[in-house]
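Coordinate analysis (summary)
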Amino acid sequence: MIFTHPSALWALILVPGLIALLIWGSRHKHSQVASLLLWKRLAQHGNTGTFSRKSRSESAILLAIVFLLLSIFSFSRPVILSTEPHYRKMIILCDMTASMGTLQTDGRTRWRSAVEKCNRVFDMLQDNWRISLLTVPESDKSITDFSLTKRQALSILTEFAPFDAPGNVMETYRRLVLAADAEETTAVLILSDNLLSTLPDHSLQFARTISTGGPSRNVGIVSFHIDEKAGSLFTSIGNFSDDERKPSLKLVLDGSATASRNITLRPNECKPVVFQQDLAEAHTVELILSPVDELSADNTVRAILEREDTFAVAFAGKPDSLIQKALSAAVAEVVMVAPSVDTSDFRLTVYNEVLPVGPFSPHVVLISPPSGIAAVTVGGQLKVAQPVVTRPDHWLMRHASFDGVTIEKAVELRVPDRFTRLVESEGHPLIVASGENRRSQVILAFRPSDSNWPLKASFPIFWVNALNNAINEDTASKRWSFSPTEKHPGVNLLSTDESNNTGTATLFDPDLIAQGLSALSPVKQTTTELAPWLLLLSLVSLGAFWALRKT
Amino acid sequence: MTQQHPFDERFLKKLRLLEVDFRRSQSQNAEGSLSSMQLGGRGEFSDHRTYTPGDDTRYLDWNVYARTDRFFTKQFHKRQQHRMAILLDASASMSCGTPSKYSFGAQVAAAIAFVTLAGENMVSIATFAANRIRWSGTAHSHSDFPLVLNTLETTEAKGRTSLQQGIRELITRHPRPCLVVLLSDLLDEQDARRKLGALAAKGFEIDVIHVLSPEEIDPSICGNHVLRDIETQDTLMLSIDPRLQSLYSRELNKFVDGWRNFCDSHHMLYFLASTSTPFERLIFDCFRRGGLLK
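Here goes a summary of the coordinates provided. No experiment lies behind these values; they were computed from the predicted model shown. Along every chain, residues carry numbers that run from 1 in the direction the sequence is written. Chain letters and ligand numbers both follow the written order, the letters beginning at A and the numbers at 1. In keeping with the model being predicted, local features are shown solely for residues with a pLDDT of at least 70 and side-chain atom pairs are shown and tallied solely at 80 or more, while totals for entire chains, interfaces and linings include all residues.

This next bit is on the overall build of chain A. To qualify as a helix, a DSSP run of H or I must reach at least 4 residues; to qualify as a strand, a run of E must reach at least 2; elements of each kind are numbered from the N terminus. Counting secondary structure elements, chain A contains eleven helices and 27 strands. Using C-beta atoms placed from the backbone, we call a residue buried if 20 or more other C-beta atoms fall within 10 Å of its own, exposed if 12 or fewer do, and partly exposed for counts in between. Here chain A, with 551 residues, has 41% of them falling under the buried criterion. Once C-beta atoms are placed from the backbone, any two residues with those atoms within 7 Å are in contact. Of all intrachain contacts in chain A linking residues separated by at least 6 positions in sequence, the fraction that spans at least 24 positions is 69%.

What follows is about the packing of helix α2 (residues 37-44) of chain A against helix α9 (residues 242-265) of chain B. Inter-axis angles, ranging from 0 to 180 degrees, are taken between N-to-C directions of lines fitted to C-alpha atoms, where helices are fitted over the stretch in contact. Relative to each other, α2 of chain A and α9 of chain B sit at 115°, their axes nearing to 10 Å. By the angle class used here, α2 of chain A and α9 of chain B are roughly perpendicular. Once α2 of chain A is placed against α9 of chain B, the crossing between them reads as right-handed. Every residue of α9 of chain B that contacts α2 of chain A at Leu38, Arg41 and Leu42 of chain A is listed here: Leu247, Tyr248, Glu251, Leu252 and Phe255 of chain B. Residues were grouped as follows: Ala, Val, Leu, Ile, Met, Phe, Trp, Tyr, Cys and Pro as nonpolar; Asp, Glu, Lys and Arg as charged; and all remaining residues, including Gly, as polar. Residues of the contact of α2 of chain A with α9 of chain B, tallied by class, amount to six nonpolar, no polar and two charged. Should an angle fall under 35 degrees it is taken as roughly parallel, and over 145 as roughly antiparallel, whereas 65 to 115 is taken as roughly perpendicular and any remaining angle as oblique. We call a crossing left-handed when the near helix sits turned anticlockwise from the far one by less than a right angle, and right-handed when that turn is clockwise.

Our next topic: unusual backbone geometry. Of note, the bond from Val136 of chain A into Pro137 of chain A is cis; its omega dihedral lies within 30 degrees of zero at 0°. Examined against the element boundaries, Pro137 of chain A turns out to sit in the loop between β5 (129-136) and β6 (143-148). Following Thr98 of chain B, the chain continues to Pro99 of chain B via a peptide bond in cis, the omega torsion being -5°. Along the polypeptide, Pro99 of chain B turns up in the loop between β4 (83-89) and α4 (101-118). The phi dihedral of Glu120 of chain B falls on the positive side, at around 55°, and the residue is not glycine. Inspection of the secondary structure assignment puts Glu120 of chain B in the loop between α4 and β5 (122-129).

Another point: helix α6 (residues 163-173) of chain B. Residue and element names in this part refer to chain B. Turning to α6, its buried residues are Leu163, Gly166, Ile167 and Leu170. Down the axis of α6, the buried side of the element spans an arc of 95°, and every buried residue falls inside it. Those residues of α6 that are buried are in contact with β4, β5, β6 (132-135), β7 (179-184) and α7 (192-201). What the arc measures is the spread of directions leading from the helix axis to the C-beta atoms.

A word on the environment of Ala129 of chain B. Residues and elements named next belong to chain B. Mapping Ala129 onto the fold places it in strand β5. A residue is classified by how many C-beta atoms lie within 10 Å of it, and Ala129, with 25 of them, is buried. When neighbours within four sequence positions are excluded, Ala129 is seen to be in contact with Ala90, Ser91, Lys158, Gly159, Arg160, Thr161 and Ser162.

Residues and elements named next belong to chain B. For two strands to pair, DSSP has to find at least two bridges joining them. Across the sheet, six strands lie side by side as β6-β5-β4-β7-β8-β11; this open sheet has mixed pairing. Lying at the two open borders of the sheet, with one neighbouring strand each, are β6 and β11 (269-274). Strand-to-strand, the axes of this sheet are offset by a mean angle of 15°, without reference to chain direction. Where β7 lies against strand β8 (residues 205-212), six bridges are found, and the strand directions are parallel. Paired with Leu179 across the strands is Glu205, a residue of β8. Packing of helix α5 (residues 145-153) onto the sheet brings it into contact with β5 and β6, and relative to β5 it is tilted by some 10°.

Another point: the packing of α4 of chain B against α5 of chain B. Residue and element names in this part refer to chain B. In contact at an axis separation of 10 Å, α4 and α5 are set at 165° when each is read in the N-to-C sense. By the angle between their axes, α4 is roughly antiparallel relative to α5. Between α4 and α5 lies a crossing of right-handed hand. Touching Ala106, Ala109, Ala110, Ala113, Phe114 and Leu117 of α4 are Phe145, Val148, Leu149 and Leu152, all from α5.

Taken together, the contacts link 24 residues of chain A with 28 residues of chain B. Elements supplying a minimum of two residues to the side of chain A that touches chain B: β2 (29-33), α2 and α3 (50-75) of chain A. Pairing between β2 of chain A and strand β9 (residues 223-229) of chain B: five bridges, direction parallel. Within the sheet, the bridge partner assigned to Val33 of chain A lies in β9 of chain B and is Asp229 of chain B.

All names here are of chain A. Within the secondary structure, Leu154 is located in helix α5 (residues 150-159). With 18 C-beta atoms packed within 10 Å, Leu154 lands in the partly exposed category. Not counting chain neighbours up to four residues away, the residues in contact with Leu154 comprise Asn119 and Phe122.

Structurally, Leu542 of chain A can be placed in helix α11 (residues 531-550). Taking the C-alpha atoms as reference, Leu542 of chain A lies 9.6 Å from Ile65 of chain A; in sequence the two are 477 residues apart.

Every buried residue belonging to α5 of chain B is among Phe145, Leu147, Val148, Leu149, Thr151 and Leu152 of chain B, and all of these are buried. Residues of α5 of chain B that are buried sit in contact with α4, β5 and β6 of chain B.

Another aspect to go through is the sheet that holds β9 of chain B. With mixed pairing, three strands are arranged side by side in an open sheet as β2(A)-β9(B)-β10(B). Of all strands in the sheet, those bounded by a partner on one side alone are β2 of chain A together with β10 (235-240) of chain B. Recorded for the sheet is a direction-independent mean angle of 35° between the axes of neighbouring strands.

Spelled out as structure tokens, the structure:
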């Protein structure tokens, strides 16, 4: 409970005075009478009611004190901040098609793997969730009344088994979005092996989606690393389907195709491929798998080699996909915060399971270590023309040039002095980081999708830098940075189970969770103004006080 | 000791017009206040009668003999003197009130005594409390009035009430029935009524003047009080509120009604006199209408 006008509490010093006055007023006065004859007769008949009168007198004192206290407290305008959440709703869309029964290399079916991922998601959620299960294809196993707790839902999911029937997760999801209650936020968790990279959104719906899916492709590049000295480029190609596949792999150096391989892959086979190439002058190395997989456009692995530095980045697919996967690498560590523009100074404690906040229009993206605390001020909205990197020497901005980047809109961000401005426009900070040290907070005053930055090479580089900051520094450096003089470790494609070849990837769509009302948003704080009730009670006690005094 | 007269001349003049109504004591007193036609003796001339042998020759009217040459004997109404005893409660409870019940009662007693003496009757006044009684001595005429005043003025209201003792002393002092005027607040927890009843049974005519102060009739105290009895020093802790005040008033009415009924049943006159009652109204109005004075 907080007091809006705490200065009113100074009036509490009146209370002892009031008590003293009332006690003084209620003391027994000595009076001499000619005879107690008649008074004693009253007492003998039990008419004096001394006890009840005494209690009434004391009650009157008590009521007066209560009145004063209630009045003081009501003028101090107490507000109860309630963090007691309402139940949050989640629909788990269960892809029960036959493909979910496919065995993976670790011996588990895709369904089982998805359920385990789901369990991990549950672990990050609070207990105030009520869950419905919706199967694709639809069946009588669906439970649509939001009656399940996390534990109950998990128990049922564990007992589910894919059945041989066709279904369309995307179509079901579309219908779900359309049917969703416009006034109630519902999280949708999709357990599917069909990665829904571009989930349909509905402007009137506030349903947010977290999808857990299987491999986003039937055939894909599983691992990739480069040995610059030896001029070797190691990669492995996986076939996640149950059919034999014959893809071809093309090596592109600085935009020119230099070699290609045709590979035959048996069902669920992962095969290594090695290219020997002089990489001394190469800046960009790309491996392109063709034909483009019908389930995913992620058919490219790209590495940027800087000979003079110890930094390298490898990623696959489009930048958005990278972000998705990069975020999925350490869900708990990546926090996106998008406060409302009309929010003045605020202080937000970031929990591992807390992702976005509020309904927002402009966004601030906060990348923070676990349990980090952000304290920023968000002002109005900015129209930004050209961002300028003010600290190119900062480790976050290494290799992240902002040339040609245009940001359409951003918020006016005001941060404490301890933050370093990395990018700004016309004096307004666009990207700031707290201090020079790693594992610090990084705040973006704009949403990347409101700019053409994702189309630039600096975008994934920056994200990797930022993620290095967010996740464990040591492991991050091992994973992402290596010296040209060292043997390059294989670049993991960010599957969270850290298997190098296959497995179920967890995908958190940043665009979706950034909308704030995601199922993973923190509990809203509700405020209850107590002053009217206290005032009413004080008036009642005043009335009772006068009534007691009058009788 | 020279006593200052408590009443002014105007008031005394009015008092002289009054007379005590000795009712029952008329037949019982040897010297009643009502005159009877008697031959000779001291008294008021009434008539002549023809002399018959054996009449006292001292009452022959020689003037009439000189005019008529016949003997006539003078006849007189012989005035009989009645006796009144005034008992004034001088216990500590009578010291309460402003003016105090005692001083108010003393004024009333003095006025009644004055009227009695004006009617050439005898009066004696006693102030009494427990183990303490003071008699003024019997006053036969106005010249004795200072005796009465002296007794009243030199008595201090203190000690506990003892109506029984006062009555006992009265009987000792006045073995023959007389008119008794009792002035008291009657706040005596002992069985005073029984004693008064016994006194009435002996032929005493009793008039009771019940003196109470306004504070006793309508107590204005409110709140938490420790009441202390001025006589016994007993205390009683009470939270007095309007309801309790109303209960007290009811109890007081019962108390007064009890005395009034008792007096009625024993052919006594009963007067409730508040010390706030204008004195003249009490004497010239209440007592006259009530039959104590006429």
